[in-house]
Amino acid sequence: MKKWVCVFLALAVLAGGLFAKGGVEAPKGPVKIALWTQEGESEGSFQFVKKLADAYTALYPNITFDVLNKETEALRQDFLAASLAGSAPDLVLTVNDHAGPFSVADVIQPVDSLFDLKLYLPSAAAIGSKTWGVPVSSGNHLMLLFNKDMVKTAPKDTDELISVGKTLTTGGKYAIVWNQTEPFWLVPWLGGFGGSVFDKDGVTPTLNTKAMVDTLQFLYDLKSKYAITPKEADYATMDTLFKEGKSAMLINGDWSLGDYSKALGDKLGIAPIPMVSATKKWPAPYTSGKYFMIPKSVTGDTLKAVVAFINFYTNYENQIDMAKTLSRLPALRKATADEYVKNNPVLRGSTSQLVLGTPMPAALEMRCNWDAMKPELNAVLAGTKSAADAAKAMQDAAVACLKTIQ
Amino acid sequence: MKSLTPDVMVTSLGQVGGILAVIVVAVVVLELILYFLLKKILHYRYALPFMLIAPGLVGLILLNVYPIAYELYIAFSNMNLLRFRNPSHSLAIGWENLKSVFTAPVLKQQYFFPVFLRTMLWTGIQVFFHVSLGLFLAILLNRPMKLRGLYRTLLVVPWALPQVVASLAWRGEFNFEYGFLNVMLTRIGLQAIQWKSNPFWNFTAMNITNIWLGVPFMAVILLGGLQSLSKSYYEAAEMDGARPWKQFSSITLPLIKPIMTPAIVLGVIWTFNNFNVPFFINENNLETSDILVTALFRAAFDFNRYGFSAMFAMVIFLILFGITIVYMKAVSFSPSALAGSKARETLTVGEEK
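How each quantity is defined
Residues numbered from 1 in each chain as written. Chains lettered and ligands numbered in written order. Predicted model: local features only at pLDDT ≥ 70, side-chain atom pairs only at ≥ 80, totals over all residues. Helix = DSSP H or I, 4+ residues; strand = E, 2+ residues; numbered from the N terminus. Rg over C-alpha atoms; globule rule 2.2 N^0.38 Å. Buried ≥ 20, exposed ≤ 12 C-beta atoms within 10 Å, placed from the backbone. Contact = placed C-beta atoms within 7 Å. Nonpolar A, V, L, I, M, F, W, Y, C, P; charged D, E, K, R; others polar. Core = buried A, V, L, I, M, F, W, Y, C linked by C-beta atoms within 7 Å. Pairing = 2+ DSSP bridges. Axes fitted to C-alpha atoms, helices over the stretch in contact; angles between N-to-C directions. Domains from an automatic or database assignment. Left-handed = near helix turned anticlockwise from the far one by under 90°. Parallel < 35°, antiparallel > 145°, perpendicular 65-115°, else oblique.

Things to note about the overall build of chain B
Logical step 1: A count of helices and strands for chain B gives 15 helices and zero strands.
Logical step 2: Here the C-alpha atoms of chain B give a radius of gyration of 26 Å, more than 25% beyond the 20 Å that 2.2 N^0.38 yields for 353 residues.
Logical step 3: A total of 353 residues make up chain B; the buried ones form 31% of that total.
Logical step 4: A separation of at least 24 residues holds for 66% of the contacts in chain B among residues at least 6 apart in sequence.

Brief notes about the interface of chain B and chain A
Logical step 1: Counting residues at the interface gives 27 residues for chain B and 29 residues for chain A.
Logical step 2: Here the side of chain B that touches chain A is built from residues that sort into ten nonpolar, nine polar and eight charged.

A short note on the nonpolar core
Logical step 1: Ranked by internal contacts, the top residues of the largest apolar core, which has 148 residues, are Ile176 and Val306 of chain A.
Logical step 2: Contacts of valine 306 of chain A, omitting those with residues within four sequence positions, involve Ile33, Asp90, Leu91, Ile294 and Val298 of chain A.

Structural notes on the sheet that holds strand β9 (residues 142-147) of chain A
All names here are of chain A.
Logical step 1: Taken in spatial order, the four strands line up as β10-β11-β9-β12 in an open sheet, and their pairing is mixed. Looking at which strands have only one partner, the edges of the open sheet turn out to be β10 (174-177) and β12 (268-271). The sheet shows a mean angle of 20 degrees between the axes of neighbouring strands, direction not considered.
Logical step 2: By the bridge criterion, five bridges tie β9 to strand β11 (residues 247-253) in an arrangement that is antiparallel. Bridging from a neighbouring strand, phenylalanine 146 pairs with methionine 249 of β11.

Side note on unusual backbone geometry
Logical step 1: Of note, the phi angle at serine 327 of chain A is positive, near 55 degrees, even though the residue is not glycine.
Logical step 2: On the secondary structure map, serine 327 of chain A appears in the loop between α11 (316-326) and β15 (329-330).
Logical step 3: When the 25 C-beta atoms within 10 Å are taken as the criterion, serine 327 of chain A is described as buried.
Logical step 4: Phi is positive for leucine 147 of chain B, close to 55 degrees, though the residue is something other than glycine.
Logical step 5: Mapped onto the elements of the fold, leucine 147 of chain B is located in the loop between α4 (112-141) and α5 (148-155).

Overview of helix α13 (residues 292-302) of chain B
Residue and element names in this part refer to chain B.
Logical step 1: With respect to burial, α13 is a largely interior element, eight of its eleven residues being buried.
Logical step 2: For α13, the complete set of buried residues consists of Leu292, Val293, Thr294, Ala295, Leu296, Arg298, Ala299 and Ala300.
Logical step 3: The inward-facing, buried residues of α13 abut α4, α12 (276-281) and α14 (306-330).
Logical step 4: With its phi angle positive at about 55 degrees, asparagine 304 sits one or two positions after the end of α13.

Section: the domain arrangement of chain A
Residue and element names in this part refer to chain A.
Logical step 1: Each assigned domain of chain A is listed with its residue range as follows: domain 1 (2-139 + 288-354) and domain 2 (142-284 + 364-404).
Logical step 2: The centre of domain 1, based on its C-alpha atoms, is set 29 Å off from the matching centre of domain 2.
Logical step 3: At the interface, 19 residues of domain 1 touch 14 residues of domain 2.
Logical step 4: Mapped onto the side of domain 1 that touches domain 2, the elements with two or more residues apiece are α4 (99-104), α11 and α14 (345-354).
Logical step 5: Ranked by residue count, the leading element in the side of domain 1 that touches domain 2 is α14, at five residues.
Logical step 6: Per-class residue counts for the side of domain 1 that touches domain 2 are five nonpolar, eleven polar and three charged.

A short note on the packing of helix α1 (residues 6-41) of chain B against helix α2 (residues 47-75) of chain B
Residue and element names in this part refer to chain B.
Logical step 1: It is at 10 Å that the axes of α1 and α2 come closest, and there the two elements cross at 150 degrees. For the crossing formed where α1 meets α2, the hand is right-handed. Contacts between α1 and α2 involve Val27, Leu30, Glu31, Leu34, Tyr35, Leu38 and Lys39 on the former and, on the latter, Ala47, Phe50, Met51, Ala54, Pro55 and Val58.
Logical step 2: Class assignment for the residues of the contact of α1 with α2 results in eleven nonpolar, no polar and two charged.

Some words on the environment of aspartate 254 of chain A
Residues and elements named next belong to chain A.
Logical step 1: Topologically, aspartate 254 is positioned in the loop between β11 and α9 (257-264).
Logical step 2: On the basis of neighbour counts, which here come to 30 C-beta atoms within 10 Å, the residue aspartate 254 falls in the buried class.
Logical step 3: Not counting chain neighbours up to four residues away, the residues in contact with aspartate 254 comprise Gly139, Asn140, His141, Arg328, Leu329 and Ser350.

Describing the environment of isoleucine 33 of chain B
All names here are of chain B.
Logical step 1: Assignment of secondary structure puts isoleucine 33 in helix α1.
Logical step 2: With 12 C-beta atoms packed within 10 Å, isoleucine 33 lands in the exposed category.
Logical step 3: Sequence separation between isoleucine 33 and asparagine 80 is 47 residues; the distance between their C-alpha atoms is 41 Å.

What about the packing of α4 of chain B against helix α11 (residues 244-272) of chain B?
Residues and elements named next belong to chain B.
Logical step 1: Where α4 contacts α11, the two axes come as close as 9 Å, and the packing angle between them is 140 degrees. When the interaxial angle is binned, α4 and α11 end up oblique. Seen along the crossing, α4 lies across α11 with a hand that is right-handed. Between α4, through Thr119, Trp122, Thr123, Gln126, Val127, His130 and Val131, and α11, the contact on the second element is made entirely by Ile264, Gly267, Val268, Thr271 and Phe272.
Logical step 2: Tallied by class, the residues present in the contact of α4 with α11 amount to six nonpolar, six polar and no charged.

Quick look at the structure:
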């Protein structure tokens, strides 16, 4: 079976125009590509990366891969350390906001001259006049997933979420779960309350705002006042609760759609995160996608092999395969117009949230915001700090952080 | 996950084998150079000892001396993400880094001294429980009983487990929904505890985990010490009418002090520098659970303050160095005390040295 898949992919490559504009012919000599990715095994996305790497090796036996999975933050830390030590991998497949620290640290190279970026949707890895990554998928955005056996339709707004949630939270079951440890899950609600983490200039933190206070208070109330969500839930906990039917709704990203489609089948419903009743605004999750980034140290035949592999990975056939296998929205313009992508209910649901999202900033300053928000979000949810105090502390920490990176 | 097929094993061994081959070749070349230089040319009397210690010495320089020297070099730099490749180095920058350690937050909110005090508290709690519970278990296991060998084997199981694995397993047990502890608490009608988000309970969780991990080491060391004590001391004490507590305080404790002191010194250093337990148990990155070494890690690798972090590391090293010296002075410990204790062990009541 694996062999046939490889043969099919090989033929697909030839038919799909591997050497399209911007492409580079694969080198003839032996090249081993060390590829680091934060694509996880539990969602099946790491296996997808491995499958395409194996398929490429089947096509070009002289090019082999050593694919390594690292958790998102570990990848950022390890890649910086490895680059400093002169032992960086040859290719990185990660989220767009890593482009900020990596480009500032001068450890990746721009891809403008290596690829025809017009073939792809607008890049979320563009900083200033340069583009630092080749998009693999669009989205990487949070959305509301629900179990149709437990709740027929998704609540339209937060008032409905709370009223429905109170009836659903009973007998050890919860109405909704989300990852309470990461500020990535806070950002959509901040948008819904009319806030943003940056001022218009895109680099000045605006964390101590009424919108942030309202957001933090709302999240705290969901847990304590309305008690429709667990007192503690990390990623693994929310994932397990939803899969076990102990939570009717879940807020999670497009990377998990393939996994939940398998687990719940037709029972899986997808909808935008409910509108904030107080502001009549839709929550705005960050949108970005997964990107290939090429370390600065990669040159010569390895660079040629890396570029050729990226072209292969993001060709039309493999983009459609990704949409079917992982339920992710493609980044190649041609693939976004495909009938499957337009008509598949899961992808349609994902798109309905995507259009309400906001591009995730890739600037280095975003790093300060993430690091500033995380402990304060935890403090509010633990009940050890008020929303107002936490918002002020966030802002102070972000501003102090900016000074340390000057 | 890929299964462990012969192909995978061969590939893995090939990767390790390559590194081993390089090390073997390097050692051979080093030994040949030393042989010709010291033995053949200089006819040096101690050529063989030098040749024997040379590979270890080179390893020590590469793995210990060079990283510490490089750390010191970075400590006097302004290295951060913006100056990742080409940082500036100067005494003034080093001084600024040093000042920042004590005057600016080392994390996002927490300053040095609260983190330092928490580290001292953490170390104090741990060493207290390790020594007291370890000694208690050692005394229990030092008495004749059935299945004593089995109990001793079971005792070292937590110690034998890799610390990271044990920490992650314990982290699972602190899960609010599925953790063993909360399941037990709710079964007996108590409220589940927010082990990961509540600062007090998270710190407690760290301590529970590390007590579980650390007691076996101390128990095994102290058991070894207790077994080496001559029974004649206790027989004589009993004849003089000494009660058990008196025997413990006047015989057991003084005689195992030479064993206990280095174990406590090691315990203080290891606990003070324990990274795995505070880091992995503190899943929510609560700053209120960070100790100095985890704060250092976050400053360096989460917040990318490399120059600052290198100086921070130097400060931690000096603190630990100072604590060790003070403690060793306080208990009048010197390495020769161990040798002395061994000599004393051979004596029995009534004998003279």
